[in-house]
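The residues making up each chain are set out below.
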Amino acid sequence: MSFTVTDPFALFDQWLAEATATEPNDPNAMSLATLDANGMLSNRIVLLKGHDTDGFRFFTNYESRKGQALAANPRAAALFHWKTLGRQVRVEGAIERLTAEQSQAYYDTRPRGSRIGAWASLQSQALPERSSLQDRIDAFEAQFEGQETFPKPDYWGGFLIRPVAMEFWRAGDYRLHERVRLTRAQISDPWQQSPLYP
């Protein structure tokens with residue numbers, strides 16, 4: 001029997017909280033799909049770093065493959081899969097960059113090594129040898145030596161997915177899963193929902 005979703009953000013909050021208690025690693029991991037300027041699809045795992053009724057936030061290098069794809073085609077699809085719970089949530093929508101201030105605020109909460117890494121990694125570019133990365137890490141460690149806080153790189157920051165579609169999936173016996181899809185034409189519109197065949 002299909003279930004009813006009265007508030008997709010509240011249900012996502014509940015499912016993520018339950019996943020946090022049961023998943024052994026990274027319950028906030030999501031598969032992020034993008035489409036670049038040449039029409040090539042790409043998919044990778046990123047970590048959700050905040051969510052509310054505005055949408056779902058994650059952070060990356062703007063010059064990376066996904067960053068360039070999102071600049072060319074600011075839309076994305078994300079998938080959360082919590083195997084131990086037998087649940088999935090799909091999210092589809094437009095992409096917006098977070099402000100530099102929002103990105104800096106999150107950057108400041110990261111471990112120092114991760115903050116240095118954001119400076120050192122030329123994400124998605126060819127790496128001639130591992131020592132090249134280590135050389136960059138050492139250089140930025142020296143640059144920011146003695147500083148507890150320091151600015152993020154201009155090429156690093158956050159994105160917000162503003163969903164116009166969300167789908168909730170619960171595993172069922174004999175592959176007869178329960179699925180409910182919610183859609184809205186505009187962010188300000190009310191959600192319309194429809195149960196789906198498995």
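What counts and what doesn't
- Residues numbered from 1 in each chain as written.
- Predicted model: local features only at pLDDT ≥ 70, side-chain atom pairs only at ≥ 80, totals over all residues.
- Heavy atoms only, no water.
- Axes fitted to C-alpha atoms, helices over the stretch in contact; angles between N-to-C directions.
- Helix = DSSP H or I, 4+ residues; strand = E, 2+ residues; numbered from the N terminus.
- Left-handed = near helix turned anticlockwise from the far one by under 90°.
- Contact = heavy atoms within 4.5 Å.
- Nonpolar A, V, L, I, M, F, W, Y, C, P; charged D, E, K, R; others polar.
- Buried < 20%, exposed > 50% of the residue type's maximum accessible area, 1.4 Å probe, protein only.
- Arc of directions from axis to C-beta.
- Core = buried A, V, L, I, M, F, W, Y, C linked by side-chain atoms within 4.5 Å.
- Pairing = 2+ DSSP bridges.
- Phe/Tyr/Trp six-rings, centres within 6.5 Å; stacked < 30°, edge-to-face > 60°.

Relative to each other, helix α4 (residues 112-120) and helix α5 (residues 130-143) sit at 115°, their axes nearing to 9 Å. When you trace α4 past α5, the crossing you get is right-handed. In contact with R112, I116, W119 and A120 of α4, α5 contributes L133, R136, I137, F140 and E141. Along the lines of polarity and charge, the residues of the contact of α4 with α5 split into six nonpolar, no polar and three charged.

Looking at helix α2 (residues 65-72), one finds that the buried residues are K66, G67, A69 and L70. One face of α2 carries all of its buried residues, which in axial projection span an arc of 165°. Seen from the buried face of α2, the exposed residues on the opposite side, beyond 90 degrees, are Q68 and A71. Buried residues in α2 make contact with β1 (29-35), β2 (41-47), β4 (55-61), β5 (75-82), β6 (87-97) and β7 (156-170).

Counting residues in hydrophobic clusters, the biggest one holds 29 residues, and the most contacted among them are F12, F56, F58, F80, V89, I161 and F168. Of the residues forming this core, the biggest block, six residues, is contributed by helix α1 (residues 8-22). In this view, F80 contacts F12, N28, A29, M30, L48, F56, R87, Q88, V89 and V91; residues no more than four positions away in its chain are not counted. Within the second largest apolar cluster, 15 residues are counted, among which are L98, A118, W119 and L160.

What you see with β2 is a clean split: S42, R44 and V46 sit on the buried side and L41, N43, I45 and L47 on the side with no burial. Relative to β2, β1 runs antiparallel, the two being bridged by seven bridges. What sits directly across from L35, in β2, is L41. Following β1, the chain reverses through five residues before pairing antiparallel with β2; G39 in that reversal takes a positive phi of roughly 80°.

For the structure shown, the criterion picks out 20 aromatic pairs. The interplanar angle of 20° and the centroid separation of 4.2 Å between the aromatic rings of F59 and Y106 together place this pair among those described as stacked. Of this pair, F59 sits in strand β4 while Y106 sits in helix α3 (residues 100-107), and the two are 47 residues apart along the sequence. Accessibility classification places F59 together with Y106 in one group, the buried group. Consider the rings of W119 and F140, whose centres lie 5.3 Å apart with planes at 35°: the pair is tilted. With W119 in helix α4 and F140 in helix α5, this residue pair connects regions lying 21 residues apart in the sequence.

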